[in-house]
Amino acid sequence: MTLYLKDALFVDWQNLAISPTNLAVEAGPRGGIHPSADIPNKDALAPGDRILDCSGKVVTKSFGCGHHHIYSTLARGMPAPARIPENFPQILEYVWWHLDKRLDLEMIEASALASAIYCAKNGVTFVIDHHASPFAVKDSLETIARAFDQVGISHMLCYEISDRDGAEVREQGLAETDTFLSSGRPGHVGLHASFTVGDPLLKDAISLAEKHQTGLHIHVAEDRADQEQALATYGKRVVERLNEVGALNLSKSVFAHCIHLSPKEKELMHQSGAWVAQNVESNQNNNVGVTGYDHIAKQVMLGTDGMHCDMLRSAKAAFLVGQATEGIGFDTIYHRFRNIHRYIQAIGVDGDTDNNLVILDYDAPTDLTRDNFLGHFVFGIEARHVESVICQGRLLVENRQVVTVDEKEVLAHARAMGRKLWEKM
Ligand SMILES: [Zn+2]
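As the structure is a computational prediction, the values presented were derived from the model and not from experiment.

Participant: Could you clarify how one ought to interpret the overall build of the protein chain in this entry?
Facilitator: When its secondary structure is counted, the protein chain shows 13 helices and 18 strands. Computed over its C-alpha atoms, the radius of gyration of the protein chain comes to 21 Å, within 12% of the 22 Å expected for a compact globule of 425 residues. Projected onto its principal axes, the C-alpha coordinates of the protein chain cover approximately 70 × 45 × 40 Å. By the burial criterion, 58% of the 425 residues in the protein chain qualify as buried. Here the contacts in the protein chain between residues at least 6 apart in sequence split such that 76% fall between residues at least 24 apart. In the protein chain, 40 positive and 55 negative side-chain charges are present, and the distance between their average locations comes to 1 Å.

Put into structure tokens, the structure is as follows:
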């Protein structure tokens, strides 16, 4: 099956070269693209082949989210918590740990399907997710994976294991992770955060990651409370604690946030080559602070922390916040926006090769060139320009309509699941 993109203005995501061309897009998890392809006559098309007219449209690599939480999808618009949180630990306790305990597999599936639709429509075709549902742990990851597969989004999942809900739930989290990773699905060993993970669990998680040759995916020093608990309980800071058990040596690990790090911790992160996921909108929303990332890690990617599924919006927010925190430039923010592709390639996971593309109906008021593309990226190109989306050579969105699932049906079911969840809260 081949998709032919006729008369596209193709932007190479790595060197920003812009060329008018036809593209032949191969199908499959490791498929490529062939620029300057001859477009066959309609009569000569093989079964399943398609030709899309891309004249006047910008075509480039689609996007990825480095830190997401599909489990928060049904939180949008929910009633305020019974007690109003006054700090970050209370936000977790009164809002998120109240919600995640009430999720069942049906709600998780609805959350994943709706979130996958939003990702697709925003041009996001690869998602690294961090999931929590303490009373529906078993089969939660496979449920999310199947929902993402149905919409057609590539993924790398994990269950955020912790000690916060007791030994039984912790053991279920370890078992679910082991089962999921044993099935051959790509994923991490997820941990919530240092302050909800005791030493025995931390060691078990490292062993499980080594067994499956993957890394950890964990929130790190998102709030000062994480550091205060680590110092009071273990006499060491969060990154020091993670480093002592070898977490920083697992090259596939993703460390989310990393806001409150000491100079020594920054040095440890920097030296290890660890991957960090930055989520500035969530950090602003939770009022946990912001930081510059240049001195923390060489390898920073962007996430949404579950707030939404629009990575172009995340990049713009990180650019604006980065003005104050690190005097960030167009090139750096674009590099971080695209780093997820480098991460996925480095760790050898399928589903993000060249046959992942967005077709943008970009109504530019000025010329678009290789030299000024980053100016258009920061100030111009938005999710509203995403017209069609291709993942693994498969068309997921055509003319702004999801074509792999019935969007209206999925969202109607999600709203029913939202009502069911809120009644339980
Ligand atoms: Zn998160």
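Participant: Help me out: how do you make sense of helix α2 (residues 105-121) in this one?
Facilitator: Along an α-helix, residues three or four apart share an orientation, since each turn contains 3.6 residues. The end-to-end C-alpha distance of α2 is 24 Å, a good match for the 24 Å that 17 residues give at a rise of 1.5 Å each. Counted residue by residue, α2 has 12 buried out of 17 residues, so it is predominantly covered. For α2, the set of buried residues is Met107, Ile108, Ala110, Ser111, Ala112, Leu113, Ala114, Ser115, Ala116, Ile117, Cys119 and Ala120. The N-cap of α2, judged by a side-chain oxygen 3.1 Å from the amide nitrogen of Glu106 a few residues on, is Asp104. Count one or two residues on from α2 and you reach Gly123, which has phi positive near 80°.

Participant: Mind showing me how you'd approach the coordination of the zinc ion here?
Facilitator: A four-donor tetrahedral metal ideally has 109.5 degree angles, and a six-donor octahedral metal ideally has angles of 90 or 180 degrees. Every protein donor of the zinc ion is listed here as His67 (NE2), His69 (NE2), His219 (NE2) and Asp305 (OD), and their distances to the metal cover 2.0 to 2.1 Å. Classification of the site at the zinc ion as irregular follows from its four donor atoms and the range of 92 to 157° in their angles at the metal. Written as a sequence motif, the donor arrangement for the zinc ion is H-x1-H-x149-H-x85-D. The exposure classification of His67 matches that of His69, with both residues buried.

Participant: Just checking my understanding: could you explain the pairing of strand β15 (residues 357-360) for this structure?
Facilitator: A regular strand places its side chains so that they alternate between the two faces of the sheet. With burial as the criterion, each face of β15 is covered, one bearing Leu357 and Ile359 and the other bearing Val358 and Leu360. Of the pairings in the sheet, the one linking β15 to strand β16 (residues 386-391) comprises four bridges and is antiparallel in character. By the bridge assignment for β16, Val358 is matched with Val389.

Participant: So what exactly am I meant to see when it comes to the packing of aromatic side chains here?
Facilitator: The geometry of an aromatic ring pair is captured by the separation of the ring centres together with the interplanar angle, meaning the angle of the planes. For the structure on display, the rule yields 11 aromatic pairs. Measuring from ring centre to ring centre gives 6.3 Å for Tyr334 and Phe337, while their planes differ by 35°; the resulting arrangement is tilted. With Tyr334 and Phe337 both in helix α11 (residues 330-347) and three residues apart, the pair spans about one turn of that helix. Residues Tyr334 and Phe337 agree in their burial class; the two are buried. Classification of Tyr334 as buried rests on a relative accessible area of 7%. The side chain of Arg241 reaches across the aromatic face of Tyr234, ending 3.8 Å from its centre. Between Lys316 and the ring centre of Phe377, over which it is positioned, the NZ or CZ distance is 5.5 Å.

Participant: Explain the sheet that holds strand β12 (residues 254-257) to me, please; I cannot follow it from the model alone.
Facilitator: By way of backbone hydrogen bonds, the strands of a sheet pair with one another, either parallel or antiparallel. Here six strands make up an open sheet; going across it, the order is β9-β10-β11-β12-β13-β14 and the pairing parallel. With one partner strand each, in any of the chains shown, β9 (160-161) and β14 (299-302) form the two edges of the open sheet. Here β9 pairs with strand β10 (residues 189-193) via two bridges, running parallel. Paired with Glu160 across the strands is Gly190, a residue of β10. Here helix α5 (residues 199-211) sits on the sheet in contact with β9, β10 and β11 (216-220), set at roughly 155° to β10.

Participant: For this particular structure, what's the right way to read the packing of helix α3 (residues 140-151) against helix α4 (residues 167-182)?
Facilitator: Two packed helices can be described by the angle between their axes and the distance between those axes. With their axes 8 Å apart at the nearest point, α3 and α4 run at an angle of 45° to one another. The orientation of α3 with respect to α4, classified from their angle, is oblique. For the pair α3 and α4, contact is made by Ser140, Leu141, Glu142 and Ala145 and by Glu176, Thr177 and Phe180, respectively. A breakdown of the residues in the contact of α3 with α4 according to their chemical character gives three nonpolar, two polar and two charged.

Participant: Is there a simple way to think about the environment of Ser388 in this case?
Facilitator: Tracing the backbone through its elements, the reader meets Ser388 in strand β16. Assessed through its relative accessible area of 4%, Ser388 is described here as buried. Distance from Ser388 to Gln401, taken between C-alpha atoms, is 8.0 Å for residues 13 residues apart in sequence. Here the side chain of Ser388 touches Asn399 through a polar contact of 3.1 Å, landing on its backbone nitrogen.

Analysis parameters
- All residue numbers here refer to positions counted from 1 along the written sequence of the relevant chain.
- Reporting in this predicted model follows two pLDDT cut-offs: at least 70 for local features of residues, and 80 or more for side-chain atom pairs to be given and counted; totals over whole chains, interfaces and linings ignore these cut-offs and use all residues.
- As a convention, hydrogens and water are excluded, and side-chain values are obtained from all of the structure's heavy atoms.
- The secondary structure listing takes helices from DSSP runs of H or I that are at least 4 residues long and strands from runs of E that are at least 2 residues long, numbered from the N terminus.
- Each radius of gyration is computed over the set of C-alpha atoms, and the globule rule expresses the reference value as 2.2 Å times the number of residues to the power 0.38.
- Residue exposure (1.4 Å probe, protein chains only): buried if accessible area is under 20% of the type maximum, exposed if over 50%, otherwise partly exposed.
- Residue contacts are defined here by distance: any two heavy atoms, one from each residue, within 4.5 Å place the two residues in contact.
- This count recognises Lys and Arg as positive and Asp and Glu as negative, with His and chain-terminal groups excluded.
- Where a charge lies is defined by one atom per residue type, namely NZ (Lys), CZ (Arg), CG (Asp) and CD (Glu).
- The length a helix should cover is 1.5 Å for every residue beyond the first.
- Any pair of nitrogen or oxygen atoms within 3.5 Å is treated as a polar contact; in protein, a donor-acceptor pairing is required on top of that, and neighbouring residues in sequence qualify only through side-chain atoms on both sides.
- The rule for donors is simple: an N, O or S atom within 2.8 Å of the metal counts, and for Na, K and Ca the reach is 3.2 Å. Water is not among the atoms, so a site may look short of donors.
- Under this scheme a four-donor centre is tetrahedral when all angles range from 85 to 135 degrees, a four-donor centre is square planar and a six-donor centre octahedral when opposite donors are above 155 degrees with the rest from 65 to 115, and any other centre is irregular.
- Note on pairing: DSSP must find at least two bridges between two strands before they are called paired.
- Aromatic pairs are defined between Phe, Tyr and Trp rings, using the six-membered ring for Trp, whenever the two ring centres lie within 6.5 Å; interplanar angles under 30 degrees are classed as stacked, those over 60 as edge-to-face, and all others as tilted.
- Only lysine NZ and arginine CZ atoms are considered, and such an atom sits over a ring when it is within 6 Å of the ring centre and within 35 degrees of the ring normal.
- Axis lines are fitted through C-alpha atoms, for helices just across the contact stretch, and the angle between N-to-C directions can take any value from 0 to 180 degrees.
- The labels follow the angle: roughly parallel below 35 degrees, roughly antiparallel above 145, roughly perpendicular from 65 to 115, and oblique for the rest.
- When residue character is reported, Ala, Val, Leu, Ile, Met, Phe, Trp, Tyr, Cys and Pro are called nonpolar, Asp, Glu, Lys and Arg charged, and the others, Gly included, polar.

Geometric values such as these leave the question of function open.
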